[in-house]
Amino acid sequence: MIKYIWHRIILIIISLILILSINFFFLYLMPGSPFTNPKLTSDQRERMEERYGLNDPILVQYGRYMYRVTKLDFGGTIASNTYKDIYRDYIRERVPLTAQIGLTALTIGTVIGITLGAIAAIKRNTAIDNILTAVGVLGVSIPSFVFAAFLQQIFAINNQILPLTFTRADPELGYTLLDQYKGLIMPIIALSVGPIASIMRYMRTELVEVLNTDYILLARSKGLSKTSVIIKHALRNALIPVITILGPMSIGLITGTLVIEQFFSIPGLAMNLVNFTQSKETYATLGINFFYSLMYVVVILFVDILYGIIDPRIRIAKNTKEGFILKFFRKIAVKMKTKFNWGD
Amino acid sequence: MKKVLFLVFILFIIFGAGCTKRTKDSGLNEVMIEDVNVRRAISLAINKGYYTTLLENGSYPADYYIPYDFYAYNGVDFRDAATAKYPDLTSDKYQMPGGSEVTYAPGGYNHYDVKEAKRLWEEAKEKHGVGDRTVTFKFLVHSAESWTPLYEHIKSEVEKNLPGTKIDLNVVTFGEKLSIQQQGDYDIIFSGWGPDYQDPITFLDLYLTNSGLNNIGYSNTKYDQLVRDAKNAVITGDARFNALLEAEKILINDDVVVMPIFQSQAVSLQNPEIENLWGQKVGPDYFLKWVKSKKSGSKTLNLLETSNIPDLKSWTSQDQVSFYVLGSINEGLTIGHNPRGETPYVPGVAKSWSKTENESGTTTYRFQLRQTPWITSTGEVYKVDGVTQYVKAQDFAFAWKLLGDPREASPYQYMLETIGLVGASDVMALRSDDSKENIETALNNLGVEAVDDFTLDVTLEHDSTYFLGLMSFPSFYPIQEAFYKSVGTDKQGFTNYASSQKPQTMLFNGPFYFSSWKNDDKHILTKSPNYWDNEAVDLQQVVWLVKPNITPATEVEMYLQGQTDRAVLRDAATQKEHSTDPNARVSGSTTAWYLEFNVNNH
Amino acid sequence: MPEIVNKFNFVKNKAVETEAISGKSLGYWKDSFRRLLLNKVAFSCLAFLLLLYIFSWIITLTSNTSTIIEPQIENPNTGAYIEKQYLSGLPPRIKGLEWFSWFNGKSTFTIPKASLTNPQTAYKYREGTYEINSCTVDARGVEMCSITQDMYAQNNIEFVYFPFGTDDGARDQWIRTWFGVRNSISIGILVAIFDIVVGTIYGAIAGFYGGTKIDNVMMRFAEIYGSIPSIVLLILLASVLGRGFWTMVIAMVLTGWINVATMIRAQFLRYRDHDFVLASKTVGASSRRLIFKHILPNVVSQLVILAAFDVPSAIFYEATLSFIGLGLPVDQPSLGNLITRGITNRVMLPYMLWIPTIILSLILLAINLLANGLRDALDPRLRGR
């Protein structure tokens, strides 16, 4: 198992290098220059380009950038005369906030989505099911920016319960910590609507399928109560495929954050990514892309490891020495496997 | 292998379908736009009054390039003088909206006239043998939500009034627009220009043959001659004024390379308890030194900024956001005051000055500086070895040399030439790869000299009316040399002075010091206790909430909920709702917005 | 005993009859179609979408009203065309439906009370065209009044009817909305088709060679490629090709196919080792034959479902991109463009927001319900439940 994970981590590092390289060459091919200020003379523009080595051959630039990355310098914005380091001036303060909003929205989305999906599946073909399905479909039918505008109008303009925009706490100026968290409520709600709807739909499908399998029938015929069968057997089993879609979904939230950042003035990375790409800030774009990619491959790693534990076909190197935690996971996996007859 | 080829084939088809869309036929548009009558037809075909009526922010439709209420000679506004000089060309005016009290926008050239436009267009079509073909003009604009209606209006007016035209609207970001502009891939471009100093030259300078901003490739010897002479004070007085009038007429009426659209005004809602927030015509938008707050109990001014500060190095800084902050944390020889009052500028660091005409034809200003200390980001007086550091004449000389240094690549380097500083043209001719000695020599020959610690001599090739006003422009602010050297440089060889989010890497000599600089959060200025004119400063604190991407409606709502003291009405919808609010203020801005025609299409 | 024999008749041996197949035998597709027809919701959604799409093409192709230039309407009183400024921002008004407050050509909005008397603006509020609903003093001490104004009466054009109103640029929203419907649905359909084509080919190859180096390289590539944010790809593409309909479609396909490929690969892995494939292989079928003739038909139902869910997400994505200014060019209406414009004007011209939003939501709702129905009809796992 450890060998497998090591194998994967090495793969991740190779992937990241490849991702950075592909991104680099992609962005390099893009026409235009960041130094578009019409007040600059051509000599000044050359001087600026020379400063950052933009005149060098592409391979030299590539080599230099990769070398800088090894020293954890991911680039920065260069168009204005004040250099802004992408990590120090953008990522360091924004990623925690973005993660806070994203993770909360995802958690809320997962919990509510799974609950509603389970209810719909259990009560399928009843009025409750139909209503929940309709709500779920509506959730993915209303554009998030209309929904955000609607929320803002109701809760921040018509009734001033929540602050219009997000502002970081600063007690000396009268912005309390409570205000800061209040400012996160609407963005989180707006962001979690999508996940709720899609997880609910997914959960319903999976659970309906699981509820019709033989082992559930067996459990029922053994005399277990309906509730305990659903909670102990069906639910847990239906959850696995649902959890696997969380990975791609967390990446998909980038688009959602774009809208939320605009409406509620959340300092986040998504809008910066758009702006930097448009203004040809190659190195700054690379820096942000790198962090997104890192997030993406780590999520994929987790999903794969989960699969590795669960799916015997993927599990490799059975007899190698395992750490305590992995052993524990393995035990659970084996237990679950024998219990639920996974596999083929 | 076959499958891989098949895959490539499919991808190729998909890409192919996309690529064919972009290809456009012929250079007909380029030939047409180089015909002066086509340009005139387009100029005449657009009803500018419709758009400004839609805006409701006090903007005028403009048939002229040099803005109204910007420059007056002997008490006569430039616009009135133009109307008087060319009565046959400039008679028409737009009626401004309003029921009982009819007002008119100032007159200009090429007033809206569909009949004439159609006639010229048909003639031109015949001349170039266009026939039934559609002429597609590439119209390059930058994306700004509030201006989309204007772009669409221009497109619809041209397509409606000039049959057989199509306007290919290319909406890109501001940066992309500038880079496409440099490549020249457009026929018509939407541009704007805010003046750097109070003289028509700041506008007319753009279209000199070799100007770096003349991307449309316009060249007219007569025009060059007139503008150059006026700029270098070869001609003065009435002759100069007349030359400026004629140059504008050549640009707009004779050659029609610029088609003015409107003179923009900004209307904003302002807390009535805040006074003396005077909008400046040049330099920083506001000097917060003068602002008085009548808010009970609070001397804090709350403002909203929609962008982070790009660059606070006063010698390279060039944008309004940075200027806004710089104008209040640093101070030049003079400081801007009420532009509508009797004193557009008042003494700043300079206590007094005197002017002498030299025998060689140059003019020397001798500034006497007052004792005002440098302040650090904690509000304390900056001391070296226990000795208080005052703003000295050497600090000005040092900063101006930085401004001229080609290695600093300052966008406002040309300001040295604008004020007519001795030696500026040599500095402008320098290249960044010149030898160090050459650069040093040229910089040392600049006409700025510290006679002693508190006496500064500035020698100009020619005196100008705007020189003293320009001393409040951030490019001319002082820099403390020892401190500048002590912060060191980074890997790329940049100075660490005014590093992003680090106010401790700066020194201040203005009414406020920069106490907190947090991107996307707050910028806080605090009243400086050691500023020389402490009693005049009423505000204790200025807080900018930084909200990039905020929507115009939200900005207004924040104002209404009392979170800010001022909200700019940034789009037609908010303007319609609030422009008649008793607390609405029209800025009196002198920014001109216009179309340029790419006359030298390559 | 004979009595007993007489009393009890042998039941006729019906064994043969009971085992005979009554009713016609149904193929997979026929059966699926039957199921879809039986699902009334899904079927009416399909009908609604088809009608809407066909209708949008008919209207946009036959109308001579421009989406860019204001409508050229002659004023019967003067004989001249109505000037543009009188056609700007007119609310919806439908002949015969004036009793209905949504279509009576009246706008309700809030302005400072001073506007009614201010000489610069008073001409916009002619006596008799408006009535004051209520007045309140806002937080800054300004008296704001909600007024309802008949915009058509104010502009003296009571003989004109715009069913969806006009936008702030005086263009007819009716024609723009139909253009938007056409463009949005077209984008959705094209993106789904291309996604399926590209994704299927890629996923089929990877899945067929599952576990080998080819598969490994292909999946790693998809993984790396998928990590480039789609917005970056879109911006890159737009800076090379220029913004437009096809750029939009390509940009969406460039990242959209990955999901399809992953799904198809998993399905192929499942079917690859089934007996019918092995059997075919042993009699010498080529790889292409195995992929396209034997395995692919088993996956088609999954593909249809994927496509059905791909259409609404593409439409949705386009709308979101429009909102951040990366959608179709401003002169090419899409529902996303229209809604974005509506959000800007939501306070003064609310109909600009709600009409396209309702239409977009209806379309997405219909496609989603149709997709649900398709899944129920096609997915063997969900059949009969």
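Predicted, not measured: the structure shown is a model, and the values here were computed from it.

**A short note on unusual backbone geometry**
Residues and elements named next belong to chain B. Positive phi outside glycine occurs at Asn74, with the angle close to 50°. Summarising the element assignment, Asn74 is placed in the loop between strand 2 (72-73) and strand 3 (76-77). On the basis of relative accessibility, which here comes to 65%, the residue Asn74 falls in the exposed class.

**A short note on the environment of B:Ile335**
Residue and element names in this part refer to chain B. Tracing the backbone through its elements, the reader meets Ile335 in strand 14 (residues 334-336). Judged by its relative accessible area of 2%, Ile335 is buried. Taking the C-alpha atoms as reference points, Ile335 and Thr388, 53 residues apart in sequence, are found 24 Å from one another. Not counting residues within four places of it along the chain, the set of residues in contact with Ile335 comprises Phe287, Lys289, Trp290, Tyr345, Val346, Pro347, Gly348 and Ser472.

**Description of the packing of aromatic side chains**
Counted according to the given criterion, the structure contains 70 aromatic pairs over all chains. Ring geometry for B:Trp315 against B:Tyr484: centres 5.7 Å apart, planes inclined by 70°, an arrangement best described as edge-to-face. You can see B:Trp315 sitting in the loop between strand 13 (300-305) and helix 12 (320-329) and its partner B:Tyr484 sitting in helix 18 (residues 481-487), a full 169 residues away along the chain. Each of the two residues, B:Trp315 as well as B:Tyr484, counts as buried. Through pairs of rings, three or more aromatic residues link up here, namely B:Tyr51, B:Phe139, B:Trp147, B:Tyr151, B:Phe190, B:Phe262 and B:Trp593. B:Arg370 extends its terminal NZ or CZ atom over the ring of B:Trp532, reaching a point 3.5 Å from the ring centre. Across the ring face of C:Phe109, the terminal group of B:Lys576 is positioned such that the distance to the ring centre comes to 5.9 Å.

**Quick word on the side chain of B:Ser328**
Looking at the element boundaries, B:Ser328 is found in helix 12. In this structure the side chain of B:Ser328 is engaged in a polar contact, spanning 3.3 Å, whose partner is the backbone nitrogen of B:Leu288.

**Describing the interface of chain B and chain A**
With 55 residues of chain B at the interface, the matching set in chain A holds 45 residues. Buried area between chain B and chain A, summed over both chains or domains, comes out near 4,500 Å², and the portion from carbon and sulfur atoms is 47%. Three residues, B:Gln492, B:Phe494 and B:Asn549, lead the burial of chain B against chain A; their summed loss comes to 13% of the area buried on that side. Counting across the chain B and chain A interface gives four salt bridges. The interface formed by chain B and chain A holds 24 residue pairs in polar contact (both at pLDDT 80 or more) in total. Every element with two or more residues in the side of chain B that touches chain A is listed here: helix 8 (174-183), strand 23 (522-527), strand 24 (541-546) and helix 19 (552-560) of chain B. Here the side of chain B that touches chain A is composed, by residue class, of 20 nonpolar, 21 polar and 14 charged.

**Remarks on the domain arrangement of chain C**
Entries for chain C in the domain assignment read domain 1 (93-154) and domain 2 (173-382). Just the C-alpha atoms count here: the centres of domain 1 of chain C and domain 2 of chain C sit 45 Å apart.

**Comments concerning the interface of chain C and chain B**
Contacts between the two partners involve 53 residues from chain C, matched on the other side by 51 residues from chain B. Interface area, chain C with chain B, both sides summed: about 4,600 Å², of which 63% is carbon and sulfur. In terms of surface lost to chain B, no three residues of chain C exceed C:Lys84, C:Arg140 and C:Val330, which account for 14% of the buried area on that side. Where chain C touches chain B, the interface holds four salt bridges. Two residues, B:Glu152 and C:Arg171, come together in a salt bridge whose shortest N-O distance is 2.9 Å. Applying the counting criterion to the chain C and chain B interface returns eleven residue pairs in polar contact (both at pLDDT 80 or more).

**Describing the sheet that holds strand 10 (residues 267-270) of chain B**
All names here are of chain B. With respect to topology, three strands assemble into an open sheet ordered 25-10-26, the strand pairing being antiparallel. The open sheet has two edge strands with one neighbour each: strand 25 (566-568) and strand 26 (584-586). Strand-to-strand twist of the sheet, defined as the mean angle between neighbouring strand axes without regard to direction, takes the value 30°. Sheet analysis places strand 10 next to strand 25, joined by three bridges and oriented antiparallel. Bridge assignment links Gln270 to a residue of strand 25, and that residue is Arg566. Contacts from helix 19 reach strand 10 and strand 25 within the one sheet, and its direction differs from that of strand 25 by about 160°.

**Considerations on the packing of helix 4 (residues 48-55) of chain B against helix 7 (residues 148-161) of chain B**
All names here are of chain B. The geometry of helix 4 relative to helix 7 is characterised by a closest axis approach of 10 Å and an angle of 160° between their N-to-C directions. Relative to helix 7, helix 4 is oriented roughly antiparallel. Relative to helix 7, the crossing made by helix 4 is right-handed. Contacts between helix 4 and helix 7 involve Tyr50, Tyr51 and Leu54 from the first element and Pro149, Leu150 and His153 from the second. For the contact of helix 4 with helix 7, the residue count by class is five nonpolar, one polar and no charged.

**Describing the sheet that holds strand 23 of chain B**
Strand pairing in a sheet is mediated by backbone hydrogen bonds. Such pairs are either parallel or antiparallel. Residue and element names in this part refer to chain B. If you trace the four strands from one edge of the open sheet to the other, you get 13-24-23-22, paired in mixed fashion. Taken across any chain shown, the strands that pair with only one partner, and hence form the sheet edges, are strand 13 and strand 22 (512-517). Averaged over all adjacent pairs, the angle separating strand axes in this sheet is 20°, with direction ignored. Sheet topology places strand 13 next to strand 24; six bridges connect them, and they run parallel. Along strand 24, the bridge assignment pairs Glu305 with Val546. Sheet strands in contact with helix 12 are strand 13, strand 22, strand 23 and strand 24, and its direction is about 130° off that of strand 22.

**Describing the pairing of strand 2 (residues 130-137) of chain C**
Where strand 2 of chain C meets strand 3 (residues 143-150) of chain C, seven bridges bridge the pair, whose relative direction is antiparallel. Bridge pairing in strand 3 of chain C places C:Thr136 opposite C:Met144.

**Examining the pairing of strand 17 (residues 363-369) of chain B**
Residues and elements named next belong to chain B. Strand 17 sits mainly inside the fold: five of its seven residues count as buried. For strand 16 (residues 350-357) and strand 17, the ladder comprises seven bridges, and the chain directions are antiparallel. Its bridge partner lying in strand 17, Thr356 is registered against Thr364. The antiparallel hairpin formed by strand 16 and strand 17 contains five residues in its connecting segment, where Gly361 sits at a positive phi of about 95°. Inspection of the sheet shows strand 17 paired to strand 21 (residues 455-460) by six bridges, in the antiparallel sense. Among the inter-strand pairings, Arg366 is bridged to a residue of strand 21, identified as Asp457.

Rules used throughout
- Residues numbered from 1 in each chain as written.
- Chains lettered and ligands numbered in written order.
- Predicted model: local features only at pLDDT ≥ 70, side-chain atom pairs only at ≥ 80, totals over all residues.
- Heavy atoms only, no water.
- Helix = DSSP H or I, 4+ residues; strand = E, 2+ residues; numbered from the N terminus.
- Buried < 20%, exposed > 50% of the residue type's maximum accessible area, 1.4 Å probe, protein only.
- Contact = heavy atoms within 4.5 Å.
- Phe/Tyr/Trp six-rings, centres within 6.5 Å; stacked < 30°, edge-to-face > 60°.
- Lys NZ or Arg CZ within 6 Å of the ring centre and 35° of its normal.
- Polar contact = N/O pair within 3.5 Å; in protein donor to acceptor, adjacent residues only side chain to side chain.
- Buried area = accessible area lost by both parts, 1.4 Å probe.
- Salt bridge = Lys/Arg side-chain N within 4 Å of Asp/Glu carboxyl O.
- Nonpolar A, V, L, I, M, F, W, Y, C, P; charged D, E, K, R; others polar.
- Domains from an automatic or database assignment.
- Pairing = 2+ DSSP bridges.
- Axes fitted to C-alpha atoms, helices over the stretch in contact; angles between N-to-C directions.
- Parallel < 35°, antiparallel > 145°, perpendicular 65-115°, else oblique.
- Left-handed = near helix turned anticlockwise from the far one by under 90°.

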